[in-house]
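# A closer look at the structure
Take a look at the letters that make up each chain.
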Amino acid sequence: MSAPVFAAAQCAIRAGDISANLKLHMDFMQHAREHGVGLLLFPELSLTGYEPTLAKALAQDIDSPLLSPLRHLAREASMTTVVGLPLRLPSHDKPLIAAFILHQDGSIGVYTKQHLHPGEEQFFSAGNGGDLMLIADLPIALSVCADFSHPEHSSHAAKQGAQLYAASVLIGETGYSRDSSLLQNCSKRQGMAVLMANHGGPTGGWAAAGQSAFWNEQGQCVASTDGVGNRLLIVSKQLHGWQGFETPVSVTS
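Residues numbered from 1 in each chain as written. Predicted model: local features only at pLDDT ≥ 70, side-chain atom pairs only at ≥ 80, totals over all residues. Heavy atoms only, no water.

- As recorded in an unreviewed UniProt entry, the protein chain goes by Carbon-nitrogen hydrolase family protein and comes from Pseudomonas versuta.

As structure tokens, then:
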């Protein structure tokens with residue numbers, strides 16, 4: 001059996017331009033497919049950008065036809081793909097910050113951000129998380145940005161049996177040192193590997209730091225991207241431990 005391969009899609013998106021961002025996501029998926037990736041993780045709100053004031057207008061239903069090309073490619077490539085999008089639910093007045101899970105079999109799931117940053121409650125409703133995923137026999141827990149800053153979130157994931165904690169984030173330049181330390185400590189404290197996908201360009205007035213990263217179960221940084229830009233961070237679990245590398249992604253116009 002081949003080693004399981006996971007990847008963080010560090011992308012520089014266009015604010016509110018779902019059509020352009022869909023094309024960008026397709027480019028990343030095709031690149032990841034060439035490397036045999038089984039799980040591809042995009043940053044928080046990757047399809048719209050982190051644009052709270054636009055979120056209500058851009059929010060989609062869970063079965064939105066906009067996702068059809070991504071779902072088709074995920075199934076064709078046998079690659080579970082996690083993309084960020086505001087979720088519209090009849091039970092909530094405000095959209096939820098969601099990670100849409102496009103499974104290898106063509107089905108779709110959703111994880112919703114549980115812990116909002118101060119100020120986000122003006123535009124978003126808090127979510128209730130989601131179930132573990134099983135990719136290549138590895139139990140995986142999702143996290144969206146502020147979720148990882150609450151220790152009980154990763155602790156609950158570990159108690160559920162997660163071996164990989166996959167965090168879709170927006171981390172700015174000024175907060176990177178603190179937030180990356182939190183994720184590193186999470187891996188050491190819970191004994192889980194941590195994969196973090198950050199934005200690769202400015203979004204919502206934030207200068208994203210890029211530097212998407214992967215820490216093993218001992219809190220050692222196995223691989224990270226070099227700064228910002230459209231980059232794919234690829235990691236695989238070998239018999240002797242995790243290995244990783246980054247590769248730039250060429251995007252079509």
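## A few points about the overall build of the protein chain
- In terms of regular secondary structure, the protein chain is built from 5 helices and 13 strands.
- Seen along its three principal axes, the alpha-carbon backbone of the protein chain occupies a region of about 50 × 35 × 30 Å.
- When contacts within the protein chain are restricted to residue pairs at least 6 apart in sequence, those whose partners lie at least 24 apart make up 65%.
- Summed over its atoms, the accessible surface of the protein chain is roughly 10700 Å², and 50% of this surface lies on carbon and sulfur atoms.
- Positive and negative side-chain charges in the protein chain, numbering 15 and 21 respectively, have mean positions lying 1 Å apart. (Helix = DSSP H or I, 4+ residues; strand = E, 2+ residues; numbered from the N terminus. Contact = heavy atoms within 4.5 Å. Areas by Shrake-Rupley, 256 points an atom, 1.4 Å probe, with all protein chains shown as cover. Lys, Arg positive; Asp, Glu negative; His and termini not counted. Charge placed at Lys NZ, Arg CZ, Asp CG, Glu CD.)

## So, the packing of helix H1 (residues 18-34) against helix H3 (residues 68-76)
- One way to put it is that H1 packs onto H3 with a least axis distance of 10 Å and a crossing angle of 5°. Considering their axes alone, H1 and H3 lie roughly parallel with respect to each other. Here Leu22, His25, Met26, Met29, Gln30 and Arg33 of H1 lie close against H3, whose contacting residues are Pro69, Leu70, Leu73, Ala74 and Glu76.
- Of the residues belonging to the contact of H1 with H3, the class tally is 7 nonpolar, 2 polar and 2 charged. (Axes fitted to C-alpha atoms, helices over the stretch in contact; angles between N-to-C directions. Parallel < 35°, antiparallel > 145°, perpendicular 65-115°, else oblique. Nonpolar A, V, L, I, M, F, W, Y, C, P; charged D, E, K, R; others polar.)

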